[in-house]
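# Observations on chain architecture
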Amino acid sequence: MHKYEEQIYGFIEEINYSDDFEDLNARFGNMINEFGFGQWGCIQISSAKKQIKSPLRRAFGNIPEDWFNHYRDSNFIFDDYAAKMVMDLQKPFWWSEIIDTFPLEDKHIRIFEEAKSFGHDNGFAVPLKFADGSIWSCLLTSDQDTENHEIKDALNLAAQFFARRGMYLKSKAEIVKKDYRLTKRQRQIVELLRHGNTQAECAFLLQISHSTVFNQTNEAKERMNCKTIAELVAEAMIHGEIDL
């Protein structure tokens, strides 16, 4: 990989500072475009229980919607030999290696042929095995039916770091989103508070105890990172928890 070391390690250092998907995708896209790839994406192949995911779940990337939707709606995941290899193998591979090495059935070949009709003449799949037991694939596709085996290790390393940074950003975004989400009861209380009701009046209107209103209001403040009821109402409106 020494021929591409400077380029790959430069990319890895850069993405450590990526704090959003747009920047991460742009940096990864610029790098793999130089190797002839135009589309990429991280896709969950199986759950932690080693069960194939259906419907297919895409985390991030720029795989065209038309092919992704066609693949998912056709349930290709169950007959995709490349997906099977992602589950079985540790090392990355080209689609052409699967086609040339294994005795594929018509249902397997059909998927590769239909991928070509959508402009994906060849693909490079990097298996991703995460600590929770789930298996993902970082898939790069090209409209050229060629492969360069000299770049295999370099692309594998870059894709591994890209995927793991992306999963970090994804989990970070989910934590933030979860922290802001109020329960149905909390939204009811905040909505009443917004209209000038006291906590005692909220309890009467909702037919619940005053202590329940008090506790739910405090928990809502913690979720929205607020200190006062006025701040809570304002933040709930900003984040769409209650109507403007």
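Residues numbered from 1 in each chain as written. Predicted model: local features only at pLDDT ≥ 70, side-chain atom pairs only at ≥ 80, totals over all residues. Heavy atoms only, no water.

Here Asn75, not a glycine, exhibits a phi torsion of approximately 55 degrees, which is positive. Here Asn75 shows up in the loop between helix H3 (65–73) and helix H4 (81–88). A positive phi is found at Gln207, a non-glycine position, where the angle reads about 60 degrees. Residue position: Gln207 is located in the loop between helix H9 (199–206) and helix H10 (210–224). (Helix = DSSP H or I, 4+ residues; strand = E, 2+ residues; numbered from the N terminus.)

Another aspect to go through is helix H11 (residues 229–238). For H11, every residue scored as buried is listed here: Leu232, Val233 and Ala236. All buried residues of H11 lie within an arc of 95 degrees about the axis, which places them on one face of the element. Exposed side of H11, more than 90 degrees from the buried face: Ala230 and Ile238 are the residues found there. Residues of H11 that are buried make contact with helix H8 (184–194) and H10. Following H11 by one or two positions, Gly240 has its phi on the positive side, about 75 degrees. (Buried < 20%, exposed > 50% of the residue type's maximum accessible area, 1.4 Å probe, protein only. Arc of directions from axis to C-beta. Contact = heavy atoms within 4.5 Å.)

Turning our eyes to something else, we now look at the packing of aromatic side chains. Taken as a whole, this structure holds 15 aromatic pairs when the rule is applied. Considering the side-chain rings of Phe28 and Phe162, the 3.9 Å spacing of their centres and the 5 degrees angle between planes classify their relative orientation as stacked. Remark: Phe162 occurs in helix H7 (residues 152–180) and Phe28 occurs in helix H2 (residues 21–33); sequence separation between them is 134 residues. One exposure class covers both Phe28 and Phe162, and it is buried. Taking the centre distance of 5.9 Å and the plane angle of 20 degrees together, the rings of Phe37 and Trp94 count as stacked. Of the two residues, Phe37 is situated in the loop between H2 and strand E1 (39–46) and Trp94 in strand E3 (residues 93–94); the sequence distance between them amounts to 57 residues. For the pair formed by Phe37 and Trp94, the shared burial category is buried. (Phe/Tyr/Trp six-rings, centres within 6.5 Å; stacked < 30°, edge-to-face > 60°.)

Note on placement: Asn30 falls in helix H2. Along the chain, Asn30 and Phe11 lie 19 residues apart, while their C-alpha atoms are 9.6 Å from each other.

For the rest of this paragraph, the subject is the environment of Glu231. For Glu231, the location among the structural elements is in helix H11. Along the primary structure Glu231 and Leu205 are separated by 26 residues, whereas in three dimensions their C-alpha atoms are 22 Å apart. In this structure the side chain of Glu231 is engaged in a polar contact, spanning 2.8 Å, whose partner is the backbone nitrogen of Lys227. (Polar contact = N/O pair within 3.5 Å; in protein donor to acceptor, adjacent residues only side chain to side chain.)

Between the first and last C-alpha of H2 there are 17 Å, a value that for 13 residues agrees with the 18 Å anticipated at 1.5 Å per step. Taken residue by residue, H2 has Leu24, Asn25, Phe28, Gly29, Met31 and Ile32 as its buried positions. The arc that holds the buried residues of H2, viewed along the axis, is 165 degrees, so those residues lie on one side. Every exposed residue of H2 that faces more than 90 degrees away from the buried side is listed here: Glu22 and Asn30. For H2, the capping residue at the N-terminal end is Asp20, with a side-chain oxygen 3.1 Å from the backbone nitrogen of Glu22. (Expected span 1.5 Å × (residues − 1).)

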